[in-house]
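Geometric and topological summary
What follows is each chain in one-letter form.
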Amino acid sequence: MLRSFLTKQVHFGLYNTSTILQRTMSTVPTMKAVVVKENGGRDKLIYEDVPRPSATLGNVVIKNQFIGKTLSCSFFLSSGEVVELGEGVTDFKIGDRVVHMGGNGYAEFSEVSATSVEKITHDVSYETAAAGALQGLTALTMVKSGYPVAKDDYILVHAAAGGVGLLLCQLGKHLGAKVIGTASTDEKCQLAKENGATYTINSKTEDIVARVNEITGGLGCHAVLDGVGKATFEVSMQCARRLGTMISFGNASGAVDPISIAILAQKNLKLMRPTLYNYMATREESRYWYDELFKLVEQGVLKFHVHKVYDLKDAAQAQQDLEGRITTGKLLLRP
Ligand SMILES: NC(=O)c1ccc[n+]([C@@H]2O[C@H](COP(=O)([O-])OP(=O)(O)OC[C@H]3O[C@@H](n4cnc5c(N)ncnc54)[C@H](OP(=O)(O)O)[C@@H]3O)[C@@H](O)[C@H]2O)c1
């Protein structure tokens, strides 16, 4: 599984090290970055000096403050300050506080397309923005658009103490739903409860389907929000009620096996596999969801739990901790 994370990263190109190595020998200013020179395990995340980027056409350079660590190294959100504008960039000015979603960010500075950047318009710190925006937007779009959660709904959230999971618990409670959270330890279950889960199920020691039936009087959940993927898919389908919705939004345990759509007919289920990008494809959509998110942060509805801030040089350790499932909430890297 790890091999595929890093393979992806090479494709997305944090830094293309073959060209970089030629240029590093010259006198261009350098910066610290985590680069991947070959596919492999977390030991291939190498911290070293690379040329500092400058802004080309349509791009900006951001001085990164915090980088949100995710299991997949190729997709994450970072926060920072705009320090350079490329030709044609009119939406931003030097000094703007921004977030950036995508890749190209395990570094002191990142050159990114201005179209992938948003201003932090509210009274939200860099740390909070990096800690919560990616998972926050994922959770928010799911409970508002994927399945509009209503008061008294039963919502099953897998990995409820994970980054997205904790925020789904908070949002579910805010919307008046009864959140049933699963997690692999009692400590994680407790954290899910503190974040709004009404019920929790220890996924290692309890039968999830039986407990959901017990809690919902045998009816099942109005919606199941599943970021675990392969390991939980069938359980999730069993936990959804007739006419319910199953949202499979992540693959923490691996990709879900192919299915026959005929299984949906058993309960007239709606099955969805969203990605955040498709909710935020235009500037207007992106602005809308960030505004909604930052408002909820300002109102204190959403609180982001930071597990730990790691030095950028310790990115491999952060990766190991995430894979080891010993973390709760968000891991941040600090250049
Ligand atoms: N669709 C989108 O646009 C989108 C956006 C953001 C994230 N995601 C995806 O959503 C999922 C959750 O993201 P997150 O940021 O909340 O991740 P996270 O904080 O790392 O949480 C993942 C949790 O999944 C559980 N898990 C179960 N099996 C696992 C395994 N084999 N390896 C690792 N963890 C496992 C663990 O909780 P327990 O120990 O309690 O089981 C773990 O804490 C990820 O797959 C991520 O890629 C999707």
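All values derive from a computational prediction rather than experimental measurement.

Let us look at helix α3 (residues 126-146). In this model α3 runs 28 Å from its N-terminal to its C-terminal C-alpha over 21 residues, within 8% of the 30 Å that 1.5 Å per residue would give. Burial analysis of α3 places 17 of its 21 residues in the buried class, the great majority of the element.

Mapped onto the fold, Thr245 is located in strand β12 (residues 240-248). A relative accessible area of 5% means that Thr245 is categorised as buried. In this structure, Thr245 is in contact with Tyr147, His222, Ala223, Val224 and Lys270, ignoring residues within four places of it in sequence.

Of all the six residues making up strand β11 (residues 221-226), five are buried; the element is thus mostly covered by neighbouring parts of the structure. In this structure, strand β8 (residues 154-157) lies alongside β11, joined through three bridges in parallel fashion. Within the sheet, the bridge partner assigned to Leu156 lies in β11 and is Val224. Taken together, β11, helix α7 (residues 233-239) and β12 form a β-α-β motif whose crossover is right-handed.

When pLDDT is averaged across the chain, the result is 90; 92% of the residues are at 70 or more. Across residues 1-25 the pLDDT falls below 50, and counting only partners more than four positions away or on other chains, this stretch makes 58 contacts in the model.

Look at the UniProt record and you will see "domain: Enoyl reductase (ER)" (unreviewed entry) annotated at residues 40-333. With 28% helix and 28% strand, residues 40-333 has its two end C-alpha atoms placed 21 Å apart.

Topologically, Asp226 is positioned in strand β11. Here Asp226 sits buried without a salt bridge, and the closest side chain of opposite charge, Arg273, lies 9.2 Å off (N-O distance). Looking at Asp226, its side chain comes within polar contact range of the main-chain nitrogen of Val228, at 2.8 Å. Setting aside anything within four residues of it in sequence, one finds Asp226 in contact with His158, Thr232, Phe233, Ser236, Met246, Ile247, Ser248, Phe249 and Gly250.

Ranked by internal contacts, the top residues of the largest apolar core, which has 49 residues, are Leu168, Leu225 and Tyr290. No other element matches the 11 residues that α3 contributes to this core. Looking at this core, you find at least three residues from each of domain 1 (2-119 + 305-334) and domain 2 (134-278). Residues within four places of Leu225 in sequence aside, it is in contact with Met142, Val143, Ile155, Leu156, Val157, His158, Leu168, Ile247 and Phe249. Counting residues in hydrophobic clusters, the runner-up holds 17 residues, among them Leu156, Val209, Cys221 and Val224.

The subject of this paragraph is the environment of Asn213. Along the polypeptide, Asn213 turns up in helix α6 (residues 208-215). With a relative accessible area of 30%, Asn213 lands in the partly exposed category. Residues Asn213 and Ala159, spaced 54 residues apart in sequence, show a C-alpha to C-alpha distance of 19 Å. Discounting residues that sit within four places of it in the chain, Asn213 has contacts with Gly218 and Gly220.

What counts, and at which threshold
Residues numbered from 1 in each chain as written. Predicted model: local features only at pLDDT ≥ 70, side-chain atom pairs only at ≥ 80, totals over all residues. Heavy atoms only, no water. Helix = DSSP H or I, 4+ residues; strand = E, 2+ residues; numbered from the N terminus. Expected span 1.5 Å × (residues − 1). Buried < 20%, exposed > 50% of the residue type's maximum accessible area, 1.4 Å probe, protein only. Contact = heavy atoms within 4.5 Å. Pairing = 2+ DSSP bridges. Right-handed = clockwise from strand over helix to strand, strands pointing away. pLDDT = per-residue confidence, 0-100. UniProt positions renumbered as here; feature names shortened; annotations may be inferred. Lys, Arg positive; Asp, Glu negative; His and termini not counted. Salt bridge = Lys/Arg side-chain N within 4 Å of Asp/Glu carboxyl O. Polar contact = N/O pair within 3.5 Å; in protein donor to acceptor, adjacent residues only side chain to side chain. Core = buried A, V, L, I, M, F, W, Y, C linked by side-chain atoms within 4.5 Å. Domains from an automatic or database assignment.

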